[in-house]
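Chain by chain, the residues:
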Amino acid sequence: MANRKYIVGNWKMNGLRAQLSDIADIAALAETHEGVDVAICPPVTLIAQAAENTQGFKIGAQDCHFAISGAHTGCLSAEMIREAGATLTILGHSERRTDQHETDAEVKAKAQAAHSAGLGAIICVGETEQERDAGKAIDIVCGQLAGSFPEGADADWLTIAYEPVWAIGTGRVPEVSDVEEMHAAIRSQLAQLMGDGAGAVRILYGGSMNGSNAAQLLAVANVDGGLVGGASLTAEKFGPIIKAAAEA
Ligand code: PEP
C-alpha cells in the first residue's frame, strides 16, 4: 500500500513576522487537502508564534543540537524546539553538511536527540553533481543514510529526504528514471537497516520541486512526498504542490 504523502516546506533563512500570514494561509490550504500531511519549517524565530496561530498544523525546525543542554553558544536543543511548538525537524540538510561541516555521525546523534524530545526527524541525503557524474550517486547516498541512521528508528518519527545537491535552488531536476532508481536504492538500504518497517518510512524528493513538476515527481515509485524550498514560501506557490500530492 502506498504511504500517505508528506509535503514539507523548508523556509531556510527566510521569513520575518510579516510572513506569519503566509504560514497561516498555507495551514488553511492544507486543511482542505485531508489526504496529505503538510508541514512548514520556518526560521526558529517564527516557530512559537506560527504554532500558536495554526493549531493542529505541523510546524518544524531546520536543525537541532545533539546535546540536551550545555555550553553550546548559539545552538538550540531538540527539547527547546519542541517546547516552542515544533513537532519535527529537518536534519543534515546539504547546506548544513556543507556550511557547518555536519557529519553523518552528528546527524545520527541529532536524530536520536530529536526523537527523545518528541520530534519527528527528516534526515536529508544527496549527492553532488561531481559524485553523480562519477557514477557514485547511489553509493554516496546509501553511505550517508547508513551513517546517519538513528538506532531504533521507525516510520512514526523518521522520514528520509533525497535531495541531489545540484538540484537544490537551481531549477534543475533529475530525470524521473534517476529519481526512481535512487528512491528504490534508499528503500532497499532502509530494509537492510531496519527490516520490515522500511516500507512505511516516507522518502521525500527535494530539489527544485514546484507546481509544474510536482505531479510528475510525486507519481514516481517510492516518492512519498516532497521537501520544498523556494516554492514553499507562499500559499500561491506551495498550493499546487499540495494539490498534486493530494491527487497523486
Ligand atoms: C531544499 O532546500 O530543501 C530545497 C529542496 O530547495 P529548493 O526547493 O529551493 O530547491
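Let me sum up the structure you'll find in this document. (Residues numbered from 1 in each chain as written. Predicted model: local features only at pLDDT ≥ 70, side-chain atom pairs only at ≥ 80, totals over all residues. Heavy atoms only, no water.)

## Here's the deal with the overall build of the protein
Each helix and strand counted, the protein has ten helices and eight strands in total. Relative to its length of 248 residues, the protein is compact, with a C-alpha radius of gyration of 17 Å against a globular reference of 18 Å. In terms of principal-axis extent, the alpha carbons of the protein reach across some 45 × 45 × 35 Å. Expressed as a percentage of contacts within the protein between residues at least 6 apart in sequence, the contacts between residues at least 24 apart total 72%. With an accessible surface of roughly 11200 Å², the protein has 50% of that area assigned to carbon and sulfur atoms. Both charge centroids of the protein, one from 17 positive and one from 31 negative side chains, sit 1 Å from each other. (Helix = DSSP H or I, 4+ residues; strand = E, 2+ residues; numbered from the N terminus. Rg over C-alpha atoms; globule rule 2.2 N^0.38 Å. Contact = heavy atoms within 4.5 Å. Areas by Shrake-Rupley, 256 points an atom, 1.4 Å probe, with all protein chains shown as cover. Lys, Arg positive; Asp, Glu negative; His and termini not counted. Charge placed at Lys NZ, Arg CZ, Asp CG, Glu CD.)

## Looking at the site of the ligand
Taken together, 14 residues surround the ligand, and among them K12, E163, G169, S208 and G229 come closest. N10 is positioned with one of its side-chain polar atoms (N or O) 3.4 Å from an oxygen atom of the ligand. Within the side chain of K12, an N or O atom sits 2.6 Å from an oxygen atom of the ligand. Protein coverage of the free-state accessible area of the ligand, which is 290 Å², stands at 95%. For the shell around the ligand, the per-class residue count stands at four nonpolar, eight polar and two charged. (Near = heavy atom within 4 Å. Polar contact = N/O pair within 3.5 Å; in protein donor to acceptor, adjacent residues only side chain to side chain. Nonpolar A, V, L, I, M, F, W, Y, C, P; charged D, E, K, R; others polar.)

## So, the packing of aromatic side chains
Following the criterion strictly, the structure yields one aromatic pair and no others. With centroids separated by 6.3 Å and ring planes inclined at 65°, the aromatic side chains of Y162 and Y205 adopt a geometry described as edge-to-face. On the criterion of sequence distance, the pair formed by Y162 in strand β6 (residues 158-162) and Y205 in strand β7 (residues 202-206) is long-range, its members being 43 residues apart. Summarising the burial analysis for this pair, Y162 and Y205 share the class buried. (Phe/Tyr/Trp six-rings, centres within 6.5 Å; stacked < 30°, edge-to-face > 60°. Buried < 20%, exposed > 50% of the residue type's maximum accessible area, 1.4 Å probe, protein only.)

## Some points on the nonpolar core
Grouped together as the largest cluster of nonpolar side chains are 61 residues, with contacts concentrated most on I7, F57, I160, I186, L190 and F238. Residues contacting I160, with those up to four places away along its chain left out, are I123, V125, L145, I186, L190, V201, R202, I203 and L204. The next biggest cluster of nonpolar side chains, apart from the first, holds eleven residues, and it includes I90, C124, L204 and L227. (Core = buried A, V, L, I, M, F, W, Y, C linked by side-chain atoms within 4.5 Å.)

## Observations concerning unusual backbone geometry
Even without glycine at this site, K12 takes up a positive phi of about 50°. Considering the arrangement of structural elements, one finds K12 in the loop between β1 (6-10) and α1 (20-31). The phi dihedral of H101 is positive, around 55°, even though this residue is not glycine. Residue class for H101 comes out exposed when judged on its relative accessible area of 61%.

## Thoughts on the sheet that holds β7
Around the barrel, eight strands lie side by side as β1-β2-β3-β4-β5-β6-β7-β8; this closed barrel has parallel pairing. Recorded for the sheet is a direction-independent mean angle of 25° between the axes of neighbouring strands. For β7 and strand β8 (residues 225-228), the ladder comprises two bridges, and the chain directions are parallel. Each residue of the ladder has a partner; that of Y205, found in β8, is G226. The strands touched by helix α8 (residues 176-194) are β5 (120-125), β6 and β7; relative to β7, the strand with the most contacts, the crossing angle is about 150°. (Pairing = 2+ DSSP bridges. Axes fitted to C-alpha atoms, helices over the stretch in contact; angles between N-to-C directions.)

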